[in-house]
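Structural overview
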Amino acid sequence: MYCRPESQKIKATVDGDGVLRVACESEDKDVFVDILPETREWPLKDKEMWHKLHSLVLKRVVRLPYSSSRPFVLNETTQAVVVRCGSSSAIVTRVSPPLAKLPVYVPPSDSDTRSSDSSNSTQKPARFIASGAPQLQLQRPNVIYLMLDAVSHRQFYRRLPKSAQVLKTIHRPGSQRLFELYRYHSVGFSTDNNTKAAYLGEIYPTRPNPLPIWAYYRDRGYVTARIEGNCDDWARELVGKNFESQDYSIGNRSLDYELASPFCMPEYYPDVGNAYGNFKGPYSIIAHCLYGRYVHDWAFDYLYQLRSEFRENRAKQLASQKDPRPYMITTTFLEGHEGTGEVLRTLDDSLATFLESMRDSGELNDTVLIVAADHGLHMGLNFAFLQNGRIEHQNPFFAMSVPEWLHEFSEKYQAEKGSERVSPFVANEQRLMTAFETHHTFRVLADWPEFETDSWRRSLFATQKAGRTCEEAGIGAGYCMCKIPGSR
């Protein structure tokens, strides 16, 4: 299962001044550049998934002829272009504006991301300040979250063996610790409920204008970036209806950088018929390809660029003895979301390489890396006819790497203040966990080094109750796969 290479090799780069340079293998071909629209600031009404977002992206593409005889300068807000040499094409991405030129963001005073208390009470939640921690521990950790749609714990090991092997090598006591949740349980059938639990902390929003977790981070000074990996907008599709006005822009409110336009190109996302069919599009049972490469490789390109930009800026700030600005990156991969379970194999090499780069770069000393799924595969024969398939559907993959200092603090805090004097990282691996704990983990990290004690208690940094029921964990009875009394 592979992508057929384009007939021509295209070399294209963008320098620090925004100048695009293109070299085509055949110099006699006409060269054009499609300037892809920046979608981050678009209002909710423009991001409706079923062809609205797709059609507007295509409508707002600007095609210009390219000539090497004169500079081709990109607008500062342009994140991606498609370079076309004859019948061959390639995507070029960049992080723009650079972090040093990013406007200072001031959150509105009425933000609903500032407190986990959704009641009308004016009582502030209890907080803890890690004031006694070493200086390194007081620096806010970066967060990178890779969401693998529809990948069970077993499926991760079956279809991504290289990534699974590399993941094990990330565990390096003294530098960073890796742990998995073997009984991580989904809270609903599909992406909807499971990602709402992770990104909102609730499945049914109790307040108007609910904002995703990356808004919570941005409000606290984080640089936030999101790669959709599909012609879709999570916030518009899953919480957009809860907003009082469809003219509101969640992206502009919650993100500094967003990449979505490349994944709306018709060569990948059909512009006619069913965009989610079996033979083309994000749910296709054949390789997900775009311009001679796997779709996920274009996403990884931008992810590497984000890391490079943010790490370079971090190094400069540390060299100047300034507090480095932390970052939060989320991205989604849909290779697991198809009926055969085979397309996921195509992700293995790229994911393994990414994990190796994280391990070897030293980033995991100050970065929390989460690789997780929303649920297991919910299509195909295994799910339809076998109990094993239904169990896998409710047991998504979850692994998290935490810096050593955060691991040590969590163990000490649990020992001093927890009701159970057991390591949270050891205990939670074999206890019933859900995306609700993931949400509170996100909150604790965003608030560090001063966090709400209730969020800590409900996060993965605290030892969760042994033998708790699905009802206690927030799992509906119709989805519960842990029905043995007293099971842990």
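Our subject is the structure listed above.
How each quantity is defined
- Residues numbered from 1 in each chain as written.
- Predicted model: local features only at pLDDT ≥ 70, side-chain atom pairs only at ≥ 80, totals over all residues.
- Heavy atoms only, no water.
- Axes fitted to C-alpha atoms, helices over the stretch in contact; angles between N-to-C directions.
- Helix = DSSP H or I, 4+ residues; strand = E, 2+ residues; numbered from the N terminus.
- Parallel < 35°, antiparallel > 145°, perpendicular 65-115°, else oblique.
- Contact = heavy atoms within 4.5 Å.
- Nonpolar A, V, L, I, M, F, W, Y, C, P; charged D, E, K, R; others polar.
- Core = buried A, V, L, I, M, F, W, Y, C linked by side-chain atoms within 4.5 Å.
- Buried < 20%, exposed > 50% of the residue type's maximum accessible area, 1.4 Å probe, protein only.
- Pairing = 2+ DSSP bridges.
- Left-handed = near helix turned anticlockwise from the far one by under 90°.
- Phe/Tyr/Trp six-rings, centres within 6.5 Å; stacked < 30°, edge-to-face > 60°.

Glancing now at the packing of helix α5 (residues 191–199) against helix α15 (residues 435–447). In the contact formed by α5 and α15, the axes pass within 6 Å of each other and the chain directions differ by 30 degrees. With respect to their mutual orientation, α5 and α15 come out roughly parallel. Of the residues in α15, those touching α5 at Asn194, Ala197, Ala198 and Tyr199 are Ala435, Phe436, His439 and Phe442. The residue inventory of the contact of α5 with α15, partitioned by class, reads 6 nonpolar, 2 polar and no charged.

To continue, consider the environment of Arg40. On the secondary structure map, Arg40 appears in the loop between β3 (31–35) and α1 (49–59). Residues Arg40 and Thr367, spaced 327 residues apart in sequence, show a C-alpha to C-alpha distance of 25 Å. Contacts of Arg40, omitting those with residues within four sequence positions, involve Lys47, Arg218, Ser249, Gly251, Asn252, Leu255, Asp256, Tyr257 and Glu258.

A separate point is the nonpolar core. Among the nonpolar cores identified, the biggest contains 63 residues, and Phe156, Tyr257, Leu306, Phe354, Leu355 and Leu369 are the most heavily contacted of them. The element that contributes the greatest number of residues to this core is helix α9 (residues 295–319), accounting for 8 residues. Not counting residues within four places of it along the chain, the set of residues in contact with Leu306 comprises Val95, Ala225, Ile227, Tyr257 and Ile329.

Ordered by their spatial adjacency, 4 strands build an open sheet running β4-β3-β6-β7, and the pairing between neighbours is antiparallel. Unpaired on one side and paired on the other, β4 (62–65) and β7 (88–93) mark the two borders of the sheet. Ignoring which end each strand starts from, the neighbouring axes of this sheet average 25 degrees apart. Two elements, β3 and β4, share 4 bridges in a ladder whose sense is antiparallel. Bridged to Val33 within β4 is Leu64.

This part takes up the packing of α9 against helix α10 (residues 348–361). Following both chains from N to C, one finds α9 and α10 inclined at 10 degrees, their axes separated by 11 Å at the closest point. Judged by the angle between their axes, α9 and α10 are roughly parallel. In this structure, α9 meets α10 at a crossing whose hand is right-handed. Residues His296, Asp297, Phe300, Leu303, Tyr304 and Arg307 of α9 touch α10, and the partners they reach there are Ser350, Leu351, Thr353, Phe354, Ser357, Met358 and Ser361. Here the residues of the contact of α9 with α10 are counted per class, giving 6 nonpolar, 5 polar and 2 charged.

For the structure on display, the rule yields 32 aromatic pairs. When the centroid spacing of 4.9 Å and the interplanar angle of 70 degrees are considered together, the rings of Tyr199 and Trp214 count as edge-to-face. Of this pair, Tyr199 sits in helix α5 while Trp214 sits in helix α6 (residues 213–219); the two residues are 15 residues apart in sequence, bridging distant segments of the chain. Of the two residues examined, Tyr199 and Trp214, each falls in the buried class.

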